[in-house]
Amino acid sequence: AATAINSQVKTTCCYCGVGCGMLVETEQVSGKLRIKSVTGDPAHPANLGRLCSKGATLHLTAQTHVYEQTRAKHPEWRHSKDAARTRANWDQANELVASRFADIINEHGPNSVAFYVSGQILTEDYYVFNKLAKGLLGTNNIDTNSRLCMSSAVAGYKRSLGADAPPCNYEDIDRASVIFITGSNAAYAHPVLFRRIEAAKEKNPALKIIVVDPRRTDTAQAADLFLQILPGTDIALYHGMLHLMLWEGWLDQTYIDAHTEGFSDLKALVKNYPPKTVAQLCGISESELFEAARLFATSTATLSLYCQGLNQSTSGTAKNSALINLHLATRQIGKAGAGPFSLTGQPNAMGGREVGGLANQLAAHRDLGNPAHRREVADFWGVTDVAEAPGLTAIPMFEALRSGRLKAIWIVCTNPAQSLPDQTLVHQALEAAEFVVLQEAYTNTATAPYADVLLPATTWAEKEGTVTNSERRISRVNPVIAPLGESKNDWQICLDIARLIEKKLERPRRLKDSSLFNFTTAEEIWLEHRALTKGRDLDISGLSYEILDTQGPAQWPYPEGATEGQARLYEDGIFPTATGRAKFLTEDYRSTAEATSARYPIALTTGRLRDQWHGMSRTGTIARLFAHAPKPAIDLSAADAQRLDLHNDELVYVTSARGVQVLPVSITTSVRPSQAFVAMHWGSEYVAGHAGKSMSLGVNGLTSSARDPISEQPELKFSAVKVTKA
Ligand code: SF4
């Protein structure tokens, strides 16, 4: 029987990059502490007490029988690829992982191993894995599923503004006169933020909302002006808007002259984007184009919100730059209610960027290509050096695993056998790997059958540390209940194995006698990360766990002596580039990597549903979350359905150059003829011909691994497919 409710614990939602604060109540049930409820934390600036359907049901994820059944509760191992994994104890599992990694490195060198981590892990987890790879082992082969999510935004900010730093904050939504939502279905992907946009519109009906999207999404329904562009034509749209702004005299030449460089080249480029050409290319009218340019440029404050629609593209970085060009040219940046604001998909993609937890980054926004930066970090860590060459990013990592160049992979809190594009490649890579370590909270992911060692990790409500949301705000994550079974925090698992590896390497890179991993708490790790940020753009040397606990979440930078974080960047018009000026980047529109053709005539895009999260490990266990969209489907226009003689719920084959899926049809007005949409959350199970493994391909059995040449982010938003009756 339930007894009295224990005190509330403050923590942060583990789903998306809005980073909502929540209050968790517990109760004693038959002598066991159990999570009773969650409510939005009214004191948290990100959500002001609101929660969306996913966040509001988080407590239920920890209450179901499925949860107990699917959670990883103890280590497992196997000694041959054909054997089933059996239970091991932590000492056995740690020793096996450490020995295999050290043996492979001793024989083949540090670049024969790799780490594939996640925007779901905490900053402290990210920090120690990055230190293990780049510091102790000497490989930059550590990448993250944030590569699929934010890497084009990172590159866009760095190239145009000089630093990977979103300049805005959520309060800017309340202060904007125009909100330009482009490549984002915020109503589904960032629901609490979208509620804030709706509330701002209710309070200020003069606020104009412009939505740019190939699909008529729920976000588009709220738009005053909706531009239903053809997939992949974003750059042409932005250049066309700039062309009109130039022609109409809507630019801020004083700001351009004082704070930017490269405008004359851009001016010459956008002359090639006259309204008629752009309207035809984008599939919109000239008047829609004109109105978007007018509203954007002439408003007192224009805020752009953007997400995967820009980033998941082979032109992702150029799309980000072209959008930032508009803000610089019209001085819609560095003031309240204005700026280019990229929304992060996952709860801690930002924290991963801060510790440098990607293959082409170094700690605290330092650059691998900068010798002084490498020396600073190597000296700080007490290792011989940090390798200069960037490591393998997500897709090349799995290509190298398939070819045998990479021998072992340690996957942390992510499910590449469902979430990466071109799933045939990923499954073949995991089959070919000599050694696969999976550190996971759940046993039923599509990646789990490939694990030679399964390391059970804690999850939401059990972990302690910090996360950073889209607006640079660091929030505490607190444990509410004890870890389930023998599961451990991700950072603890990393440290235990790292200390063993230290003793086994034949060519030690450590310069001091003591371990590089002498941490006993999450806070000690965070303090080391904090020390590395001193003097950097994201300096948090004035912040502490205590301040975060007593005064609440804070934005970076928060240097020593500060009493609060910096709400908005670049208000002084000085940018962290070599010249102090922001850069206009001049890149032409280019088409998607794959084109529709007579064989594959339909442009398929993928995305999120409102009530599901990623591969559904958590949300898929809550019955009520299926009320909104109970099953997978392919959204098709009525015109295509009629042409193909298809009806609602009829099964079809959806075929791309890489695979085939069977899906029921959903006839909708949200997509145009010759376009289709499939949600990313579902996998489709079938048994492969080897080792009885169940493989889950889902929509990523169809998608392409073509990627942006700068950010290496894959083009998940565009695949050419055909649809035929099943
Ligand atoms: Fe969680 Fe995002 Fe929903 Fe907030 S908006 S409750 S962070 S899923």
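None of the values given here were measured: they were computed from a predicted structure.

Undergrad: Just to check I follow, could you spell out the site of the ligand for this structure?
TA: The environment of the ligand is formed by 14 residues, the closest being Cys13, Tyr15, Cys20, Cys52 and Gly55. Per-class residue counts for the shell around the ligand are nine nonpolar, four polar and one charged. Counting only domains with at least three residues in the shell around the ligand, you end up with domain 1 (2-63) and domain 3 (151-343).

Undergrad: Teacher, can you tell me more about the sheet that holds strand β20 (residues 465-468) here?
TA: Paired through backbone hydrogen bonds, the strands of a sheet run either parallel or antiparallel to each other. Strands sit in the order β20-β21-β22 across an open sheet of three strands; the sheet is antiparallel. Each of the sheet's edge strands pairs with one partner strand only, and the pair in question is β20 and β22 (554-555). As paired strands, β20 and strand β21 (residues 473-477) are joined by four bridges and run antiparallel to one another. Bridge pairing in β21 places Val467 opposite Ser475.

Undergrad: Sorry if this is basic, but what is going on with the nonpolar core here?
TA: Nonpolar side chains in soluble globular proteins tend to be buried together. Core analysis: the biggest nonpolar cluster contains 220 residues, and Phe129, Ile179, Met241, Ile409, Ile634 and Ala676 have the highest contact counts within it. Dropping the residues within four chain positions of it, Ile179 is found in contact with Ile173, Ile197, Leu207, Ile209, Leu303 and Leu305.

Undergrad: Please explain the domain arrangement of the protein chain as it appears in this structure.
TA: Where interface size is quoted, it is often the accessible area lost as the parts come together. Each assigned domain of the protein chain is listed here: domain 1 (2-63), domain 2 (90-148 + 355-548), domain 3 (151-343) and domain 4 (602-725). A separation of 31 Å is found between the C-alpha centroids of domain 2 and domain 4. Contacts between domain 2 and domain 4 engage 19 residues on the former and 22 residues on the latter. Of all the secondary structure elements, the ones that give two or more residues to the side of domain 2 that touches domain 4 are α21 (416-419) and α22 (423-432).

Undergrad: Hey, could you run me through the sheet that holds strand β31 (residues 719-725) in this one?
TA: Spatial ordering of the closed barrel is given by β24-β28-β25-β27-β26-β31, a layout of six strands whose pairing is mixed. Between one strand axis and the next, the sheet turns by 45° as a mean value, whatever way the strands run. Bridge analysis of strand β26 (residues 651-655) against strand β27 (residues 660-667) gives five bridges, and the strand direction is antiparallel. Within β27, the position partnered with Tyr653 by the bridge is Val662.

Undergrad: For this particular structure, what's the right way to read helix α24 (residues 522-533)?
TA: For an α-helix, 3.6 residues make a turn, and residues three or four places apart therefore share a direction. Here α24 is 12 residues long and its end C-alpha atoms lie 17 Å apart, about the 16 Å a rise of 1.5 Å per residue gives. All of the buried residues along α24 are Ala522, Ile525, Trp526, His529, Arg530, Leu532 and Thr533. Projected onto a plane normal to the axis of α24, the buried residues spread over an arc of 160° and lie on a single side. Residues of α24 that are exposed and point over 90 degrees away from its buried face: Glu524 and Ala531. Those residues of α24 that are buried are in contact with α5 (123-137), α19 (371-381), β20, α23 (490-504) and α25 (545-551). Backbone geometry just downstream of α24 places Gly535 in the positive-phi region, at approximately 85°.

Undergrad: Would you mind going over the confidence of the model for the protein chain with me for this structure?
TA: Interpretation of this model should avoid reading the predicted coordinates in detail wherever pLDDT is low. Summing up the model confidence of the protein chain, the mean pLDDT is 95 and the portion of residues at 70 or higher is 97%. Confidence drops under a pLDDT of 50 for residues 686-694, and excluding neighbours within four residues, the segment shows 10 contacts in the predicted structure. Interface confidence for the predicted complex, expressed as ipTM, amounts to 1.00; the pTM equals 0.96.

Undergrad: Please explain the pairing of strand β10 (residues 208-212) as it appears in this structure.
TA: Across a regular strand the side chains alternate sides, sitting on one face of the sheet and then on the other. Burial within β10 is extensive, with five of its five residues counted as buried. Covered by surrounding structure in β10 are Lys208, Ile210 and Val212 together with Ile209 and Val211, the residues of both alternating faces. Bridge count between strand β9 (residues 178-182) and β10: five bridges; the pairing is parallel. Following the sheet pairing, Phe180 is matched in β10 by Ile210.

Undergrad: Please clarify how the packing of helix α11 (residues 234-248) against helix α15 (residues 286-298) should be interpreted in this entry.
TA: The packing of two helices is summarised by the inter-axis angle and the distance between the axes. Put simply, α11 and α15 touch, their axes get as near as 9 Å, and they point 70° apart. Classified by the angle their axes make, α11 and α15 are roughly perpendicular. Where α11 crosses over α15, the two elements pack in a sense that is right-handed. Counted together, Gly240, Met241, Leu244 and Met245 of α11 and Leu289, Phe290, Ala292, Ala293, Phe296 and Ala297 of α15 form the full contact between these two elements. Taken together, the residues of the contact of α11 with α15 sort by class into nine nonpolar, one polar and no charged.

Undergrad: Whenever I open this one, unusual backbone geometry confuses me. Can you help?
TA: Trans is the prevailing form of peptide bonds, just as negative phi is the prevailing case for residues other than glycine. With an omega of 0°, the peptide bond running from Trp556 to Pro557 counts as cis. Turning to its location among the elements, Pro557 is positioned in the loop between β22 and β23 (582-583). Look at Arg472: it is not a glycine, yet its phi comes out positive at around 65°. Even without a glycine there, the phi angle at Glu712 is positive, about 65°. With respect to the helices and strands, the residue Glu712 is situated in the loop between β30 (694-696) and β31.

Undergrad: So what exactly am I meant to see when it comes to helix α6 (residues 151-161) here?
TA: Where burial is concerned, most of α6 is hidden: 10 out of the 11 residues are buried. Turning to α6, its buried residues number three or more, namely Ser151, Ser152, Ala153, Val154, Ala155, Gly156, Tyr157, Lys158, Ser160 and Leu161. Considering only its buried residues, α6 is in contact with α16 (308-311), α17 (316-330), β14 (339-342), α18 (349-354) and β23. Of the residues flanking the end of α6, it is Gly162, one or two places downstream, whose phi is positive at about 100°.

Here is what the cut-offs are and how they apply
Counting of residues starts from 1 at the beginning of each chain's written sequence and follows it residue by residue. Side-chain atom pairs in this predicted model are given and counted only at pLDDT of 80 or more, local residue features only at pLDDT of at least 70, and totals for whole chains, interfaces and linings cover all residues. Throughout this description, a residue near a molecule or strand is one whose C-beta atom, derived from the backbone, lies within 6 Å of it. Here the nonpolar group is Ala, Val, Leu, Ile, Met, Phe, Trp, Tyr, Cys and Pro; Asp, Glu, Lys and Arg are the charged ones; every other residue, Gly included, is treated as polar. Residue ranges for the domains originate in an automatic or database domain assignment. Paired strands are those between which DSSP finds at least two bridges. The helix and strand labels rest on DSSP assignments: H or I over at least four residues marks a helix, E over at least two residues marks a strand, and numbering proceeds from the N terminus. Put simply, a nonpolar core is buried Ala, Val, Leu, Ile, Met, Phe, Trp, Tyr and Cys residues tied into one set by C-beta atoms within 7 Å. We call a residue exposed when 12 or fewer other C-beta atoms sit within 10 Å of its C-beta, buried when the count reaches 20 or more, and partly exposed for counts in between; the C-beta positions come from the backbone. By definition, residues are in contact whenever their C-beta atoms, placed on the basis of the backbone, come within 7 Å of each other. All axes here are fitted lines through C-alpha atoms, helices being fitted over the stretch that makes contact, and every angle between N-to-C directions spans 0 to 180 degrees. Given a helix with a known number of residues, its expected span is that number minus one, times 1.5 Å. Think of the arc as the fan of directions from the helix axis to the C-beta atoms. Looking at any residue, its pLDDT shows the predictor's confidence there, from 0 to 100. With respect to orientation, any angle under 35 degrees is reported as roughly parallel, any angle over 145 as roughly antiparallel, any angle of 65 to 115 as roughly perpendicular, and every other angle as oblique. Two helices that cross are described as forming a left-handed crossing if the nearer one is turned anticlockwise from the farther one by less than a right angle, and a right-handed crossing if clockwise.

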